[in-house]
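What follows is each chain in one-letter form.
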Amino acid sequence: MKKDFLTILDMSRQEAHDIIRRAREMKDSSHRSSILKDKTFVLIFEKASTRTKVSFEVGIRHLGGHYVFMTSRESQLGRSEPLKDTARVLSRYADGLIVRTFGQAKLEELSRYSSIPVINALTDDYHPCQVMSDLLTISEHAPSFEDLTISWVGDGNNMANSWINAAIYFPFKLRMAFPEGYEPNSNVLEAAWNRGADIVVTHDPAEAVRGAHFVNTDVWASMGQEQDKIERALAFKGFTVDDKLLKWADDRVRVMHCLPAYRGQEISDQAIEGDRSIVWDQAENRLHMQKAILEWVVSPG
Ligand code: CP
Ligand code: NVA
């Protein structure tokens with residue numbers, strides 16, 4: 001059966017832990033292989049990307065494979081060719097799809113009609129490759145996931161939902177602050193609580209950051225929400241990750257952002273440029289994690 005990676009929960013708990021170890025091994029050994037020899041992945045990107053696009057393309061080359069990059073604008077998708085038709089056609093040419101799109105339902109439809117694996121390169125709802133990569137980064141800065149407090153300060157967006165998924169599989173405390181009206185998907189949250197995840201949700205950023213070892217944030221207006229930028233900037237007042245907020249955190253706190261960042265909005269220039277920032281490690285680790293995910297997707301079992 002083909003393996004998809006549409007959310008972190010498509011992996012088992014064991015696989016998610018193993019993939020972090022594997023990505024670390026790959027990073028330490030500057031891993032190259034021919035596991036994707038004669039295989040082609042099609043990247044379908046309906047939104048902009050720097051890190052995800054380039055790290056997948058480079059990662060595929062490191063594993064000996066090929067890729068084709070396509071956007072909706074330059075393909076028949078932009079002229080409303082149904083996704084289910086695109087999925088069936090591309091399944092006849094290629095060995096996997098890596099897709100950045102809007103609603104998760106679109107990705108699920110692609111997956112349903114594809115006979116080849118589908119990887120989520122970001123939807124409005126989830127960003128699983130990024131959060132797996134962020135867990136890799138955290139594993140480099142902390143001895144274990146036990147006794148760790150990870151904070152989320154900002155929007156209840158795709159990144160927040162993937163962090164909530166991750167809290168089911170990894171034993172950290174997740175403390176999340178959102179402005180009222182910008183909370184994450186309540187079904188995603190309920191499901192995580194029902195599965196024992198230690199997550200507290202508040203509207204107070206200081207409460208979420210208290211004692212935190214890692215503080216995460218992300219843009220206030222995600223791709224596709226540009227028209228709400230001004231309204232959101234007002235609603236998110238007080239949610240900037242800056243030195244004042246970080247005073248509540250653990251003395252050795254690390255600051256995280258998946259990038260792209262808007263300085264002076266969700267994060268201050270000092271916080272992103274300062275000694276506590278690990279954003280460049282996060283960006284690098286995208287490459288190592290993409291390789292581990294690709295290897296998992298094509299491996300039997
Ligand atoms: N963090 C991330 O996914 O970046 P890109 O939008 O540049 O791919
Ligand atoms: N939440 C952001 C993440 C960008 C990598 C967005 O969807 O635009």
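Predicted model, so just to flag it, every value in this text is computed and none were measured.

Caption draft 1: Spatial organisation of the pattern of salt bridges. For the coordinates displayed, the defined rule picks out 16 salt bridges. Notably, a salt bridge pairs K37 with D38, separated by 3.5 Å at the nearest N-O pair. Per residue, the accessibility class of K37 equals that of D38, and both read exposed. Between R232 and D155 there is a salt bridge; the shortest N-O distance is 3.1 Å.

Caption draft 2: Broad picture of the packing of helix 3 (residues 83–93) against helix 4 (residues 104–113). Here helix 3 crosses helix 4 at 45°, and the two axes come no closer than 8 Å. As summarised for this structure, helix 3 and helix 4 are arranged oblique, according to the angle between their axes. Crossing handedness for the pair helix 3 and helix 4: right-handed. For the pair helix 3 and helix 4, contact is made by L83, K84, A87, R88 and S91 and by K106, E109, L110 and Y113, respectively. Partitioned by chemical class, the residues of the contact of helix 3 with helix 4 number four nonpolar, one polar and four charged.

Caption draft 3: Focus on the pairing of strand 2 (residues 66–71). In this structure, strand 1 (residues 40–45) lies alongside strand 2, joined through six bridges in parallel fashion. In the sheet register, V42 faces strand 2, and the bridge partner there is V68. For the crossover from strand 1 across helix 2 (residues 51–62) to strand 2, the handedness is right-handed.

Caption draft 4: Main features of the nonpolar core. In this structure, I98, I119, M132, L135, W163 and F172 are the most contacted members of the largest nonpolar core, which totals 58 residues. Considering every element that reaches this core, the biggest residue donor is helix 6 (residues 158–169), with eight residues. When near neighbours in sequence (up to four residues on either side) are disregarded, I119 contacts F5, F41, F56, L97, I98, V99, C129, I293, L294 and V297.

Caption draft 5: Here's a closer look at helix 6. Look at helix 6: 18 Å from first C-alpha to last across twelve residues, which is about the 16 Å you get at 1.5 Å a residue. Extensive coverage of helix 6 is indicated by the burial of twelve of its twelve residues. Those residues of helix 6 that sit buried are N158, M159, A160, N161, S162, W163, I164, N165, A166, A167, I168 and Y169. The N-cap residue of helix 6 is N157: its side-chain oxygen and the backbone nitrogen of M159 are 3.0 Å apart.

About the thresholds
Residues numbered from 1 in each chain as written. Chains lettered and ligands numbered in written order. Predicted model: local features only at pLDDT ≥ 70, side-chain atom pairs only at ≥ 80, totals over all residues. Heavy atoms only, no water. Salt bridge = Lys/Arg side-chain N within 4 Å of Asp/Glu carboxyl O. Buried < 20%, exposed > 50% of the residue type's maximum accessible area, 1.4 Å probe, protein only. Axes fitted to C-alpha atoms, helices over the stretch in contact; angles between N-to-C directions. Helix = DSSP H or I, 4+ residues; strand = E, 2+ residues; numbered from the N terminus. Parallel < 35°, antiparallel > 145°, perpendicular 65-115°, else oblique. Left-handed = near helix turned anticlockwise from the far one by under 90°. Contact = heavy atoms within 4.5 Å. Nonpolar A, V, L, I, M, F, W, Y, C, P; charged D, E, K, R; others polar. Pairing = 2+ DSSP bridges. Right-handed = clockwise from strand over helix to strand, strands pointing away. Core = buried A, V, L, I, M, F, W, Y, C linked by side-chain atoms within 4.5 Å. Expected span 1.5 Å × (residues − 1). Polar contact = N/O pair within 3.5 Å; in protein donor to acceptor, adjacent residues only side chain to side chain.

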